[in-house]
Amino acid sequence: MAPTATAEAPRFIDRDAVYHADTCAPLAAAAARGEVELRALARGTYPGTRLTDGTLPGLRSVGLWDASRPQTWGLDWHRNEGIEITCLLHGNVGFATRSGAWRLDPGAVTVTRPWQEHRVGDPRVDASLLAWIILDVGVRRPHQAWVWPEWAALAPQDAARLTELLQYNEHPVWRGAPAVTAAFERLVRLVERVPGRDPGAESQLRIAISEVLLAVLEMLEGERIERDEALASPRRSVALFLEELDERLGEPWTLASMASACGLGRTQFSHYCRELTNMSPIEHLNFRRLSRAAELLRERPSASVTEIAFECGFRSSQYFATAFRRQFGVTPSGWRAGAAA
C-alpha cells in the first residue's frame, strides 16, 4: 500500500514550549519508491492512511513496515510526541537511544517514552518486519501527568500501574515477550481496515491496541524494574530544556519565558538551573550564546560580527562585543583574527 502524503509537522505549543514530532520521512520516501511495504493508519506527521477526527483520539500511528531486503535508509535520531511501542516480528534491525545501542532480534520489544530521542537502523534498516503503535498521552514535559485515551480498555488500576512502570523507567529494549508478539500480530492484521469505512474496524482496533498495552503491562510486571523518580521530575524538565537550548539561542528568551517553557514558575526554574549549571538562567543563556558565537566566528569567516550576534540571540552588537570581551578577554574581531593567524 502506497502511503498517503504526510501533513506538515505539527507544532505542539504549550505556553512557550514548542516541540516537533517526527515525520518518518525516510520511511515514507522508501515506501513511495517501492523499497519497503508500509501499512499504517496515522494522523499528524506520520505516513499512512489518514485517521479521521474523532476516531481513536490520541492514536498517532499504528502499522508495520515489511522490508524484504536490506534498505538504503534508516530513521536517524528523532522523537515522538507519544509513547511508542514497537515489536520486531521478523529479521534484525539496529536500535539506539542516547543511553546505548542494541541489535534487535525477532520478538524484541522497544518502548520509548514521550520525546525520548532514539534511532532505528545502524545507520540503515536491515531486512525486517517491524510493527508499532504511537499513543499520545498528553506529555510535553517529563513531570506532566500521563493521560491515556479513554477508549483504551484498561482498568484504572492497570492504567495507573502501566503509567508507573513506563514513566519511571527509561530502559528501552525488552526481549522474549511472546504475549506482546502475539498481540502485535493480531493488531497488524487490522491496519488495512479503515475506521469509518469498514464496519467494526474501530472497535477491533480498540480491542487489539488494548491487548498490546495489557501484554506490555504483564511483560514489565515480570521484570525487575527499578523506579527512577528523577525521570519524571521538574529537574528533568529543566535539564532537557537546557540540553536543547543551543538549537533555540536566537529566540528572545527571558527568565519568565524559559520558566514557562519548562512548565515551572520562575523561582523553581531558577533553582534547578543553578543546581544544574551553577549559574543563574540569564547567566547560563548568555554563556551558551557567547560560546556558540565564538564557534561561528571561526566557522564562518565571511559572516559579519553583527550577523552572528543576532543569530545567537543578541539584539545589540555593542552589548554583544562588550559581553564577548568580558567572557573571552578579546573582541569578536580579535577572536576571529586569532583563529585565522
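Worth saying up front: this structure is predicted, and the values here are computed from it rather than measured. (Residues numbered from 1 in each chain as written. Predicted model: local features only at pLDDT ≥ 70, side-chain atom pairs only at ≥ 80, totals over all residues. Heavy atoms only, no water.)

Undergrad: Please explain the overall build of the chain as it appears in this structure.
TA: The secondary structure content of the chain amounts to 11 helices and 13 strands. A principal-axis box enclosing the C-alpha atoms of the chain has dimensions of 70 × 45 × 35 Å. The buried share among the 341 residues of the chain stands at 50%. Considering only contacts in the chain between residues 6 or more positions apart, those separated by 24 or more positions represent 70%. Accessible surface computed for the chain: about 15,800 Å², of which carbon and sulfur atoms make up 50%. (Helix = DSSP H or I, 4+ residues; strand = E, 2+ residues; numbered from the N terminus. Buried < 20%, exposed > 50% of the residue type's maximum accessible area, 1.4 Å probe, protein only. Contact = heavy atoms within 4.5 Å. Areas by Shrake-Rupley, 256 points an atom, 1.4 Å probe, with all protein chains shown as cover.)

Undergrad: Just to check I follow, could you spell out the sheet that holds strand S6 (residues 75-78) for this structure?
TA: Two pairing modes exist for strands in a sheet, parallel and antiparallel, and in both the strands are linked by backbone hydrogen bonds. The strand order across the open sheet formed by four strands is S6-S11-S8-S9, and the pairing between neighbours is antiparallel. Looking along the sheet, the strands with just one partner apiece sit at the ends: S6 and strand S9 (100-104). Each adjacent strand pair in this sheet contributes to an overall mean axis angle of 10°, direction not counted. Here strand S8 (residues 93-97) runs beside strand S11 (residues 118-120); their pairing, made up of three bridges, is antiparallel. Of the residues in S11, the one forming a bridge with Thr97 is His118. (Pairing = 2+ DSSP bridges. Axes fitted to C-alpha atoms, helices over the stretch in contact; angles between N-to-C directions.)

Undergrad: What should I look at first to understand the pattern of salt bridges in this one?
TA: Pairing is possible between side chains of opposite charge, provided their charged atoms come close. Following the criterion strictly, the structure yields 27 salt bridges and no others. Across the salt bridge formed by Arg113 and Glu170, the nearest N and O atoms sit 3.3 Å from each other. Taken together, the residues span a long stretch of sequence, with Arg113 in the loop between strand S10 (109-112) and S11 and Glu170 in the loop between helix H2 (156-167) and strand S13 (173-174) at a distance of 57 residues. Each member of the salt-bridge network shares a partner with another, and the members are Arg161, Glu164, Glu221, Arg227 and Glu229. (Salt bridge = Lys/Arg side-chain N within 4 Å of Asp/Glu carboxyl O.)

Undergrad: Sorry, what's going on with unusual backbone geometry here?
TA: Excluding glycine, a negative phi dihedral is what most residues carry, and trans is how most peptide bonds are arranged. Put simply, Asp122 and Pro123 share a cis peptide bond, and its omega is -5°. With respect to the helices and strands, the residue Pro123 is situated in the loop between S11 and strand S12 (128-135). The phi angle at Leu56 is positive, at roughly 45°, despite the residue not being glycine. Positive phi values are uncommon outside glycine, yet Asn278 reaches one of about 65°. For Asn278, the location among the structural elements is in the loop between helix H7 (266-277) and helix H8 (281-299). The exposed category is assigned to Asn278, whose relative accessible area is 61%.

Undergrad: Even after reading the chapter, I still don't get the pairing of strand S3 (residues 37-42), so can you show me in this structure?
TA: For a regular strand, the rule is simple: side chains alternate between the two faces of the sheet. In terms of burial, S3 is largely enclosed, as five of its six residues are buried. Bridge analysis of S3 against strand S5 (residues 59-67) gives six bridges, and the strand direction is antiparallel. In the sheet register, Leu38 faces S5, and the bridge partner there is Trp65. Examined bridge by bridge, S3 and strand S4 (residues 49-50) share two bridges and lie parallel to one another. Across the sheet, the residue bridging to Ala42 is Arg50, located in S4.

Undergrad: Is there a simple way to think about helix H3 (residues 178-188) in this case?
TA: For an α-helix, the turn length of 3.6 residues means that residues three or four places apart are oriented alike. Those residues of H3 that fall on the buried side of the exposure criterion are Val180, Thr181, Ala183, Phe184, Leu187 and Val188. When H3 is viewed along its axis, its buried side chains cluster within an angular range of 165° and face the same direction. Residues of H3 that are buried in the fold lie against S5, strand S7 (83-91), S10, S12 and helix H4 (201-221). (Arc of directions from axis to C-beta.)

Fair warning: the whole summary comes from geometry, so function is off the table for now.
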